[in-house]
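Listed below, chain by chain, are the residues.
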Amino acid sequence: MTRQQPWSGVFPYLPTPLEADGTVRRATLADIVERCLTAGVHGLTPLGSSGELPYLTGDQRLAVIEGTVAAAAGRVPVVPGVSGFDTASVVRDARAAVAAGSDGILLVILAYFPLRPAEILGMIDAVTAAVEVPVVLYHHPHLTHVEFSADVIAAAHRDHGVNHVKDASGRITNVARWLDATSGGIRYFSATAVPPTAAMLSGACGWMSGPAAAFPAESVEIYDLAVRGEWAAAQAREHRLDSALNVFRSLGPGRGAKGLFAALGIDVGQPVPPLAPLDSAEVALIRDDLTRLTERGAA
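Everything numeric here is computed off the predicted structure, so don't read it as measured data.

Notes on helix H2 (residues 58-72)
Then, number 1: A rise of 1.5 Å per residue sets the reference length of H2, with its 15 residues, at 21 Å; its end C-alpha atoms lie 21 Å apart and thus fit the reference within 8%.
Then, number 2: Buried within H2 are the following residues: Gln-60, Arg-61, Ala-63, Val-64, Ile-65, Gly-67, Thr-68, Ala-71 and Ala-72.
Then, number 3: The elements touched by buried residues of H2 are helix H1 (26-38), strand E2 (81-84) and helix H3 (87-99).
Then, number 4: Looking at the residues trailing H2, positive phi occurs at Ala-73, about 50°.

So, unusual backbone geometry
Then, number 1: Omega for the bond connecting Pro-273 with Pro-274 falls within 30 degrees of zero, at 15°, which places this linkage in the cis form.
Then, number 2: The backbone phi angle of Leu-47 is positive, close to 65°, even though this residue is not glycine.
Then, number 3: Assignment of secondary structure puts Leu-47 in the loop between H1 and H2.
Then, number 4: Of note, the phi angle at Ser-183 is positive, near 50°, even though the residue is not glycine.
Then, number 5: Inspection of the secondary structure puts Ser-183 in the loop between helix H7 (173-181) and strand E6 (187-190).

Points about the layout of surface pockets
Then, number 1: When its volume is computed, the largest pocket comes out at roughly 340 Å³.
Then, number 2: In this structure, the largest pocket is lined by 21 residues; those nearest its centre are Ser-49, Pro-54, Tyr-55, Leu-143 and Pro-253.
Then, number 3: Among the secondary structure elements, those contributing two or more residues to the lining of the largest pocket are strand E3 (105-109), helix H5 (141-144) and helix H13 (253-263).
Then, number 4: Here the lining of the largest pocket gets three residues from one element, more than from any other, and that element is H13.
Then, number 5: Taken together, the residues of the lining of the largest pocket sort by class into 13 nonpolar, six polar and two charged.
Then, number 6: A volume near 240 Å³ is recorded for the second largest pocket.
Then, number 7: Along the walls of the second largest pocket sit 18 residues, with His-140, Ala-168, Thr-192, Phe-248 and Pro-253 positioned nearest its centre.

Some thoughts on the side chain of Lys-166
Then, number 1: Mapped onto the fold, Lys-166 is located in strand E5 (residues 164-167).
Then, number 2: Buried and unpaired, Lys-166 has Asp-167 as its nearest opposite-charge partner, separated by 8.7 Å.
Then, number 3: Only 3.0 Å separates the side chain of Lys-166 from the backbone oxygen of Met-208, close enough to count as a polar contact.
Then, number 4: Once you skip the residues sitting within four places of it in the chain, Lys-166 turns out to touch Tyr-13, Leu-106, Val-136, Leu-137, Tyr-138, His-139, Phe-189, Ser-190, Ala-191 and Met-208.

Here's the deal with the packing of H1 against H2
Between two packed helices, the angle of one axis relative to the other and the distance separating the axes together describe the packing.
Then, number 1: Axis separation between H1 and H2 bottoms out at 9 Å; the angle between their running directions is 45°. One finds that H1 runs oblique with respect to H2. Judged by the sense of rotation from one axis to the other, the crossing of H1 with H2 is right-handed. Between H1 and H2, the contacting residues are Arg-26, Leu-29, Ala-30, Val-33, Glu-34 and Leu-37 on the first element and Ala-63, Val-64, Glu-66, Gly-67, Thr-68, Ala-71 and Ala-72 on the second.

Parameters at a glance
Residues numbered from 1 in each chain as written. Predicted model: local features only at pLDDT ≥ 70, side-chain atom pairs only at ≥ 80, totals over all residues. Heavy atoms only, no water. Helix = DSSP H or I, 4+ residues; strand = E, 2+ residues; numbered from the N terminus. Expected span 1.5 Å × (residues − 1). Buried < 20%, exposed > 50% of the residue type's maximum accessible area, 1.4 Å probe, protein only. Contact = heavy atoms within 4.5 Å. 1 Å grid on protein atoms, 1.4 Å probe; cavity = no way out; pocket = protein on both sides within 12 Å on 5 of 7 lines; lining within 4 Å. Points joined across faces, edges and corners; volume = space filled by probe spheres on them. Nonpolar A, V, L, I, M, F, W, Y, C, P; charged D, E, K, R; others polar. Lys, Arg positive; Asp, Glu negative; His and termini not counted. Salt bridge = Lys/Arg side-chain N within 4 Å of Asp/Glu carboxyl O. Polar contact = N/O pair within 3.5 Å; in protein donor to acceptor, adjacent residues only side chain to side chain. Axes fitted to C-alpha atoms, helices over the stretch in contact; angles between N-to-C directions. Parallel < 35°, antiparallel > 145°, perpendicular 65-115°, else oblique. Left-handed = near helix turned anticlockwise from the far one by under 90°.

Quick look at the structure:
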């Protein structure tokens, strides 16, 4: 495991564009990557919740990583999600992601049986020991059934070299709590579960977000305003994205991300079963919401 320059900024969670037969649409993925990079994003995260990570096959996951790495061409870090219930398969997939050119790993630990802190840290230790890239911890206990206490975050940082965490729990108090537990050493990425501007005001270094892939330029603008301390302007820009964020929150990450792209006229295919397909009426409603968002932005 290696130390690295700290990451910050906007890391969009990319959707996974698929044909009806499950083939990854690499050209579409490359177009999405280029759109994000043109907007000035600071990193890319394929295979997050928005990328439908739990529902993809191993071959699909590898194709997404390879496609993203090729399209990014070293311009920003590519940090794909790697998840699983058992340590051996997670280590295997983490090594495969690194072999495919990933610059880091977003570690998504899943639990069927409740995991004790020592068991959580055991998986973190195995993954950080297996790969020579940074590991970002993903915290979303509602989905993963794994809860990171401040003590776990502190031990992961102190003993296993973990310097970044993405928190989708919706508990904004974790920012201050985890920064305090690590003496400011952990880099906290927010999600859409709390307002990104509020998270940055509390000490977050940026956000990893599905809607940021659909609206990368707007997301980078919000981040830049926050970095400059122009909090009122950042909050005003964020409010313009309220309808997009609400789509994501109401439909869930996988369907929400693909719904936003469909409404923008970017065909990324249907969600992966068992997720329900998006029908034309649903997409039309999203498009109407986004039209109002655009009108507010122009006002």
